[in-house]
Amino acid sequence: PEDPAADPARDLETAEEVRALRRAVLALEPRLRELIDLYYVRGWPFHQIGERWNLSESRTCQIHKRALRQLREALKEAA
C-alpha cells in the first residue's frame, strides 16, 4: 500500500520553496546573509551577534527584521 505521507507533488513544491529561499538569502547584502547564518544556522542569540558586530541586541534585532522583510519581498516576487 502507498504511504499517505509520501506526496511527490508536495515534495517538489517543498524543494522549489527551498531553492527560492536559498536564492533570496544569497541575494541579501553580505552582513544580512551573515546574520541569517549566525542566527538560523549556528543558533547564535541576538546579543552574541551584536557583540561580534559591536552593536546592541536591539540594533541586531532591527537588522534581523530588515533581513526578514527583504526575504519576504523576494519570495513574494518569486511566487
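Presented here is an overview of the structure given in this document. None of these values were measured; they are calculated from a predicted model.

The subject of this paragraph is the overall build of the protein chain. In terms of helices and strands, the protein chain carries four helices and zero strands. Ordering the α and β elements of the protein chain from the N terminus gives α-α-α-α. The C-alpha radius of gyration of the protein chain comes to 16 Å, more than 25% above the 12 Å expected for a compact globule of 79 residues. On the principal axes, the C-alpha backbone points of the protein chain span a range of 55 × 25 × 15 Å. Counting every position in the protein chain, which comprises 79 residues, the buried fraction comes to 22%. Looking at the protein chain alone, contacts between residues at least 24 apart form 47% of all its contacts between residues at least 6 apart. Carbon and sulfur atoms make up 52% of the accessible area of the protein chain, which totals about 6000 Å². The averaged location of the 14 negative side-chain charges in the protein chain is 10 Å from the averaged location of its 14 positive side-chain charges.

What follows concerns the packing of helix 3 (residues 46-53) against helix 4 (residues 57-78). Running from N to C, helix 3 and helix 4 cross one another at 100°; their axes reach a closest spacing of 8 Å. Taken together, the axes of helix 3 and helix 4 are roughly perpendicular relative to one another. Residues F46, H47, I49, G50 and W53 of helix 3 pack against E57, T60, C61, I63 and H64 of helix 4. Looking at the contact of helix 3 with helix 4, its residues break down into five nonpolar, four polar and one charged.

Now for helix 3. Of all the positions in helix 3, only F46, I49, G50 and W53 are classed as buried. Taken around the axis of helix 3, the buried residues stretch over an arc of 100°, which confines them to a single face. Elements that come into contact with the buried residues of helix 3 comprise helix 2 (30-41) and helix 4. In the stretch just after helix 3, N54 is the one whose phi turns positive, near 60°.

This structure, assessed with the given rule, holds four salt bridges. With its nearest N and O atoms 2.6 Å apart, the salt bridge here joins E16 to R19. Residue E16 and its partner R19 are both found in helix 1 (residues 8-27); the two are separated by three residues, about one turn of the helix. R52 is the partner of E34 in a salt bridge, and the nearest nitrogen-oxygen pair spans 2.8 Å.

Analysis parameters
Residues numbered from 1 in each chain as written. Predicted model: local features only at pLDDT ≥ 70, side-chain atom pairs only at ≥ 80, totals over all residues. Heavy atoms only, no water. Helix = DSSP H or I, 4+ residues; strand = E, 2+ residues; numbered from the N terminus. Rg over C-alpha atoms; globule rule 2.2 N^0.38 Å. Buried < 20%, exposed > 50% of the residue type's maximum accessible area, 1.4 Å probe, protein only. Contact = heavy atoms within 4.5 Å. Areas by Shrake-Rupley, 256 points an atom, 1.4 Å probe, with all protein chains shown as cover. Lys, Arg positive; Asp, Glu negative; His and termini not counted. Charge placed at Lys NZ, Arg CZ, Asp CG, Glu CD. Axes fitted to C-alpha atoms, helices over the stretch in contact; angles between N-to-C directions. Parallel < 35°, antiparallel > 145°, perpendicular 65-115°, else oblique. Nonpolar A, V, L, I, M, F, W, Y, C, P; charged D, E, K, R; others polar. Arc of directions from axis to C-beta. Salt bridge = Lys/Arg side-chain N within 4 Å of Asp/Glu carboxyl O.

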